[in-house]
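Residue-level listing of the chains:
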2 protein chains.
Amino acid sequence: MRERLVETLRLHLVTDSALCGERGVLAVVEAAVAGGVSCVQLREKQLETRAFVERARALKAWLAPRGVPLIINDRVDVALASGADGVHVGQSDMAPADVRRLMPGALIGLSVESLAQLEAAEAAPVDYYGVSPVFSTATKADAAPALGLAGLAAIRARTARPLVAIGGIHAGNAAAVLAAGADGLAVVSALCAAADPAAAARLLSARMG
Amino acid sequence: MRERLVETLRLHLVTDSALCGERGVLAVVEAAVAGGVSCVQLREKQLETRAFVERARALKAWLAPRGVPLIINDRVDVALASGADGVHVGQSDMAPADVRRLMPGALIGLSVESLAQLEAAEAAPVDYYGVSPVFSTATKADAAPALGLAGLAAIRARTARPLVAIGGIHAGNAAAVLAAGADGLAVVSALCAAADPAAAARLLSARMG
């Protein structure tokens, strides 16, 4: 079970529609999955609900036959309406226990930005943690201070749950992040801003061993 | 059934936390209900999800024993997590058919800003329409042009569903809006910005006959 989950979480694309640009989120997702992305998190902080649901459905329709799960950032309503596989919540989003009640079978991820947050979350019904930011990043304006590889390793030492590292991760540091204890990597810029997201995903996959 | 629904929708408070100010949304709701408000719609466009759920639960806990329904603007996730009685959606929010699927027993309201939108919505699973804006208003930055009493009357002529009029409504024009065909009135500023929301609600109720 955990093996299967870790495999699913291995290379996680978190979308950023501004970085995806004119080619659109779906085109970037298609290319990134072709290059080896194992899980897609749709994150939309500006989109109105109806458009968000439509985008989630388009992604789900494309991802489902390929066996790649779709996770929705924050919005349980969008996840329910689109038939997504899971929800990723931050510390200010819906509490994991509430998400679990509304989506009993969903994959639930929670962002933790410190050891204290990790410890507070261990009793909550969470399937994996997004550990962030490992390195400093320009993608998320409200990000906490970078944890560094040592901070990631300290979190690794305190939980048996799968860890997906995020924040400033690219092909050049992927192996070091895994060595520090991450089960999977989540990337935004390294794929969404790539001229060739398929090639960028292949390179990342290759560096993950 | 329709009688009961219309009674419920008769005087509808739509919250605006900025206008409620330091006294807070719950205090304004309490005063407005004491003054005769029959239905409360919690509208939060800035609040993060966890805080939105917490506010919705606090309102629901206070309203439920008083038999006053709580309707959540836009967010089905917040409505589900808080046990709210309904959801009010705009044209860019979740489609009514999707809301109905996720909340089969909920009260579903839809904003319509023109006759064309009304006609397009008649086949959708909607319990009432919010007809807006009847008069021009500063409360909603993205509001469509004012319909006026004639526009409201034209919409009234085309549907049997209950109509809740919103936009620039106050004690001074309440009777005219009802005479033009509204079943209920929804107010934001006239209650949220009132020095004494209970007195303001009593005055509105009195003018509604």
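Residues numbered from 1 in each chain as written. Chains lettered and ligands numbered in written order. Predicted model: local features only at pLDDT ≥ 70, side-chain atom pairs only at ≥ 80, totals over all residues. Heavy atoms only, no water.

**Looking at the UniProt feature "binding site: Mg(2+)" (unreviewed entry) in chain A**
Test applied: UniProt positions are given in the numbering used here, feature names are shortened, and annotations may be inferred rather than shown by experiment. In DSSP terms, a helix is any run of H or I states spanning at least four residues, a strand is any run of E spanning at least two, and both are numbered starting from the N terminus. Note on definitions: a residue-residue contact is assigned when non-hydrogen atoms from the two residues lie within 4.5 Å. We define a polar contact as two N or O atoms separated by no more than 3.5 Å, with the added condition that, inside protein, one atom must be a possible hydrogen donor and the other a possible acceptor, whereas residues neighbouring each other in sequence contribute only through side-chain atom pairs.
Using the residue numbers shown here, the UniProt feature "binding site: Mg(2+)" (unreviewed entry) corresponds to A:Asp74 and A:Asp93. Taking the farthest pair of C-alpha atoms as the criterion, the annotated set spanning 20 residues converges on one region, since that pair is 5.8 Å apart. Examined against the element boundaries, A:Asp74 turns out to sit in the loop between β3 (70-73) and α5 (76-82). Apart from the residues lying within four places of it in its own chain, the contact partners of A:Asp74 are A:Lys45, A:Val87, A:His88, A:Val89, A:Asp93, B:Thr49 and B:Arg75. In terms of polar contacts, A:Asp74 uses its side chain to reach the side chain of A:Lys45, at 3.3 Å. Considering the arrangement of structural elements, one finds A:Asp93 in the loop between β4 (86-89) and α6 (96-102). Excluding its chain neighbours within four sequence positions, the residues that come into contact with A:Asp93 are A:Lys45, A:Asp74, A:His88, B:Thr49 and B:Arg50. Within the structure, A:Asp93 has its side chain in polar contact with the backbone nitrogen of A:Gly90 (distance 2.7 Å).

**A few points about the packing of helix α3 (residues 25-34) of chain B against helix α4 (residues 49-63) of chain B**
Residues and elements named next belong to chain B. The line we're drawing: Every axis corresponds to a line fitted to the C-alpha atoms, with the helix fit spanning only the stretch in contact, and the corresponding angles, defined between N-to-C directions, vary from 0 to 180 degrees. An angle below 35 degrees is read as roughly parallel, one above 145 as roughly antiparallel, one from 65 to 115 as roughly perpendicular, and any other as oblique. If you view the pair so one helix is near and one far, a crossing is left-handed when the near helix is turned anticlockwise from the far one by less than a right angle, and right-handed when it is turned clockwise. Lys, Arg, Asp and Glu make up the charged group, whereas Ala, Val, Leu, Ile, Met, Phe, Trp, Tyr, Cys and Pro make up the nonpolar group; the residues left over, Gly among them, are polar.
The contact between α3 and α4 brings their axes to 10 Å, and the two run at 25°. By the angle class used here, α3 and α4 are roughly parallel. The crossing of α3 and α4 is right-handed. Seen from α3, the contacting residues are Val25, Leu26, Val29, Glu30 and Val33; seen from α4, they are Arg55, Ala58, Leu59, Trp62 and Leu63. Among the residues making up the contact of α3 with α4, the classes are represented as eight nonpolar, no polar and two charged.

**A few points about the relation of the copies chain A and chain B**
Stated precisely, the cut-off is as follows: We place the copies in one frame by least squares, fitting the C-alpha atoms of every residue whose pLDDT is at least 70 in both.
Between chain A and chain B, which share one sequence, the superposing operator has a rotation angle of 180° and an axial displacement of 0.0 Å; the RMSD is 0.0 Å. Both chain copies can therefore be described as sitting about a two-fold axis. Looking at the rotation axis and the C-alpha trace of chain A, the residue lying nearest is A:Asp77, at 2.3 Å. When the interface residues of chain A are mapped onto chain B, 100% of them again lie at the interface, so the same face is used by both copies.

**Considering the packing of aromatic side chains**
Selection criterion: Stacked, tilted and edge-to-face are the three classes applied to pairs of Phe, Tyr and Trp rings, where Trp contributes its six-membered ring and a pair requires centres within 6.5 Å; stacked means planes under 30 degrees apart, edge-to-face means over 60, and tilted covers the rest. Note on geometry: a ring has a charge over it if NZ (lysine) or CZ (arginine) is within 6 Å of the ring centre and within 35 degrees of the ring normal.
According to the stated counting rule, one finds zero aromatic pairs over all chains in the structure shown. Sitting over the face of the ring of A:Trp62, A:Arg66 holds its NZ or CZ atom 3.8 Å from the ring centroid.

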